[in-house]
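Next come the chains, spelled out residue by residue.
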Amino acid sequence: MAFHPSLRGQNAQASPIRRLSPYADAAKARGVQVLHLNIGQPDIPTPPRMLEAYRHFDDKVLAYGASEGSAPYRTALAKYFNSLTSDTTHAPVQPTQVLVTVGGSEALQFAIAATCDLGEEILVAEPYYPNYKGFAQILGVTTRAITTSAANGFALSAEQVRAAIGPKTRALIISSPGNPTGAVINAANLQEIGNVCRDAGIFLVSDEVYRDFVYDGSGRAPSVLWREGLDDCAILIDSVSKRYSACGARVGCLVTRNREIYAAALKFAQTRLSPPVIDQFAALAALDTPQSETDAHIADYKRRRDALVAGLCAIPGVRAQTPAGAFYLIVELPVPDAEKFCIWLLENFAVDGETVMFAPADGFYATPGLGKNQVRAAYVLEVPKLQRACQVLTAALAAYPERLKR
Ligand SMILES: Cc1ncc(COP(=O)(O)O)c(C=O)c1O
C-alpha cells in the first residue's frame, strides 16, 4: 500500500524565497556568514510598547477569543483605517467590517476562498508575491498573470486588467507598495483599476501590507478603502508584520464593506476558532506607535534602498531601478540562470567568510522563462551590510564561470 500526498500536495510550489534555505544552512554549518537579502524579515526593532504589552498580558486563562477578533482591537483598527483619509465624503470603516486574521496570509486565503470557486481564476500582476499562487492552488483556484516589466517601472494599467479578465476570472489581487517590485500604484490608477474590476463584476483584493513604506515623501500608499464606488468589490488585506516589524506576531486583517463577503470570511474564520489572543493584545498597543517612530524607520529604509541601488548599479552588467516603495527590488544579473548562480553563491563562494543570499526571481513569475536572469533583493539590513553584500556580489560575478559578457 502506497501512501502518497494528494495531487494538490504534490503540485504545490516551494516558496522561491525559502527554497534555497538548505544551501544557506549548509553554508552556515561550514562557518560561512550569509547576508540575507532573500527574505523580507526586517531587522528594525519591534515597537517597545508592543513588546511591553506582551510582558503585561495577565489573563489567568489563555482562552479562545472571538473568531472575528477582539472587539477593542477591531474598534481600534477601524479608527486607524479612518485616520488614513481626510476625505469626509466616504462612509467611515466600521469595526463590523474588520475581520482579524492570522497574519495577512490568512486574510488572503479567506479573500480567495470567499470570492472564487473550484476551477475559477484570480488575476495577478507578475512578478507577484508567490504565495498568491500558493493560496489559490490550495483552494483549487487557478492563477493568471498579467506581465509587467522593469521598462515601465512594473506599472499595471487598467487597460491591461480589462484585457486579461476572462470568463472564469473572479478577482484581481494587487500588492501596492509591491512585493517583489517595490512599485506603488497611485490613487488615480488604483481608482481606474477598481472601476474596471467593478464594471466587469470581479473583486479587487488590495494587499496593502507595505502601506507605510513609501519613499517619495507623499506619506502612505493610497488605500482601496477610499476610492469611489468600490464598496461592493473591494477587499483590503493588512498586517502588523511589516508596519511594526512584528512578523512573528501573526496578526493581520481583512476589511470589506461587502457584507456577504464578510459573512463568508467569518464562516471560514469560525473553523479556525480564533486569531491569537495575546498577539492581538500586543497589536492593539502597537497601534499607538507615534508617527515619528514610523517616519524614522521609513527614512532608514530610504537610506538602505539608495545604498543598495547605488551599490548594485555600480557592478558591471547588473541592472536595477530605484523602487518607490516596500523594501524589495528586482535585480537583473549577467548570468543565464539566476537560481544556479544563487546556489553557487551559497555552495562555492565567500569573501572573507561571507556570502550573500538572494531569492531567484523566476518563482515570482507564472510565465515560463521570465525572471530567469533576475533575483529579488530585500533591503532589510543595515547600510554597511548592504554595501558588503554588493562587494561580495561584485567579486562573485567576476569569479563566476558562467557569467555573461555585456
Ligand atoms: C505582499 C505580501 N502580502 C502578504 C504577506 C503576508 O504577511 P503576514 O502573513 O506576515 O502578514 C507578505 C509577507 O511577506 C507579503 O509580502
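Remember, it's a predicted structure, so these values are computed and weren't measured experimentally.

J.: Quick question: what am I supposed to make of the site of the ligand here?
T.: Taken together, 15 residues form the shell around the ligand, and within it Gly 104, Ser 105, Asp 207, Ser 239 and Ser 241 come nearest. Contact between the ligand and Gly 104: an oxygen atom at 2.6 Å from a main-chain N or O atom of the residue. The protein chains hide 93% of the 390 Å² of surface that the ligand would expose on its own. Per-element tally for the shell around the ligand: the top contributor is helix 5 (residues 103–115), with 4 residues. Of the residues in the shell around the ligand, the class split is 5 nonpolar, 7 polar and 3 charged.

J.: Hey, could you run me through the sheet that holds strand 12 (residues 359–360) in this one?
T.: What holds strands together in a sheet is hydrogen bonding between their backbones, with the strands either parallel or antiparallel. Strand order in the open sheet formed by 4 strands is 9-10-13-12, and the pairing between neighbours is antiparallel. With one partner strand each, in any of the chains shown, strand 9 (319–320) and strand 12 form the two edges of the open sheet. For strand 12 and strand 13 (residues 374–378), the ladder comprises 2 bridges, and the chain directions are antiparallel. Counterpart to Pro 360 in the pairing with strand 13 is Val 375. Running over the sheet, helix 11 (residues 291–313) touches strand 9, strand 10 (328–332) and strand 13 and is turned about 0° from strand 10.

J.: Whenever I open this one, helix 10 (residues 277–286) confuses me. Can you help?
T.: Counting along an α-helix, one turn takes 3.6 residues, and residues three or four places apart therefore face a common direction. Listed in full, the buried residues belonging to helix 10 are Asp 279, Gln 280, Ala 282, Ala 283, Ala 285 and Ala 286. Elements in contact with the buried residues of helix 10: helix 3 (48–56), helix 4 (71–82) and strand 2 (98–101).

J.: Would you take a moment to explain the sheet that holds strand 2 for this structure?
T.: Across the sheet, which stays open at both edges, the 7 strands sit in the order 2-8-7-6-5-3-4 with mixed pairing between neighbours. On the outer flanks of this sheet lie strand 2 and strand 4 (142–147), each paired with one strand and no other. Each adjacent strand pair in this sheet contributes to an overall mean axis angle of 25°, direction not counted. On the sheet, helix 8 (residues 187–200) packs against strand 5 (169–175) and strand 6 (203–207) and is oriented at approximately 145° with respect to strand 6.

J.: Is there a simple way to explain the pattern of salt bridges in this structure?
T.: Any two side chains of opposite charge can pair, given that their charged atoms come close. Scanning the entire structure with this criterion turns up 25 salt bridges. Its salt-bridge partner being Arg 19, residue Asp 362 comes within 3.3 Å of it at the nearest N-O pair. With Asp 362 in the loop between strand 12 and strand 13 and Arg 19 in the loop between helix 1 (7–11) and helix 2 (21–29), this pair connects stretches of sequence that are 343 residues apart. Exposure remark for Asp 362: the relative accessible area of 25% places this residue in the partly exposed category. With a relative accessible area of 24%, Arg 19 lands in the partly exposed category. The partner of Arg 304 in a salt bridge is Asp 300, and the shortest N-O contact between them spans 3.9 Å.

J.: Looking at this structure, I do not really get the domain arrangement of the protein. What am I missing?
T.: Interface size is commonly expressed as the accessible surface area that is lost when the partners come together. We note that the domain assignment places domain 1 (12–45 + 292–399) and domain 2 (48–286) within the protein. Listed by partner, the interface residues are 32 residues for domain 1 and 29 residues for domain 2. The contact between domain 1 and domain 2 buries some 2,500 Å² in all, and 59% of this surface belongs to carbon and sulfur atoms. Between the two partners, domain 1 and domain 2, sit 1 salt bridge.

Definitions and cut-offs
Numbering of residues starts from 1 in each chain and follows the order in which that chain's sequence is written. Only residues with pLDDT of at least 70 are given local features in this predicted model, and only at 80 or more are side-chain atom pairs given and counted; all residues enter the totals for whole chains, interfaces and linings. Each side-chain value is worked out from all heavy atoms of the structure, with water and hydrogens disregarded. Throughout, the term near means that a residue has one or more heavy atoms lying within 4 Å of the molecule or strand in question. Two N or O atoms form a polar contact when they lie within 3.5 Å of each other; inside protein one atom must be a possible hydrogen donor and the other a possible acceptor, and for residues adjacent in sequence the pair counts only when both atoms belong to side chains. Surface exposure here means Shrake-Rupley accessible area, sampled with a 1.4 Å probe, where a residue is shielded only by the protein chains that are shown. The helix and strand labels rest on DSSP assignments: H or I over at least four residues marks a helix, E over at least two residues marks a strand, and numbering proceeds from the N terminus. Classes in brief: Ala, Val, Leu, Ile, Met, Phe, Trp, Tyr, Cys and Pro nonpolar; Asp, Glu, Lys and Arg charged; the others, Gly included, polar. A strand pair is defined by DSSP finding two or more bridges across the two strands. Contacts are assigned to residue pairs with any non-hydrogen atoms lying within 4.5 Å of each other. Note on definitions: angles span 0 to 180 degrees between N-to-C directions of axes, and those axes are lines fitted to C-alpha atoms, for helices only across the stretch in contact. Note on exposure labels: buried denotes an accessible area under 20% of the residue type's maximum, exposed denotes more than 50%, and partly exposed covers the range between, all computed with a 1.4 Å probe on protein chains only. For this analysis, a salt bridge means a side-chain nitrogen from Lys or Arg found within 4 Å of a carboxyl oxygen belonging to Asp or Glu. Delimitation of the domains relies on an automatic or database domain assignment. By definition, the buried area sums, over both parts, the 1.4 Å-probe accessible area that each loses when the two are put together.

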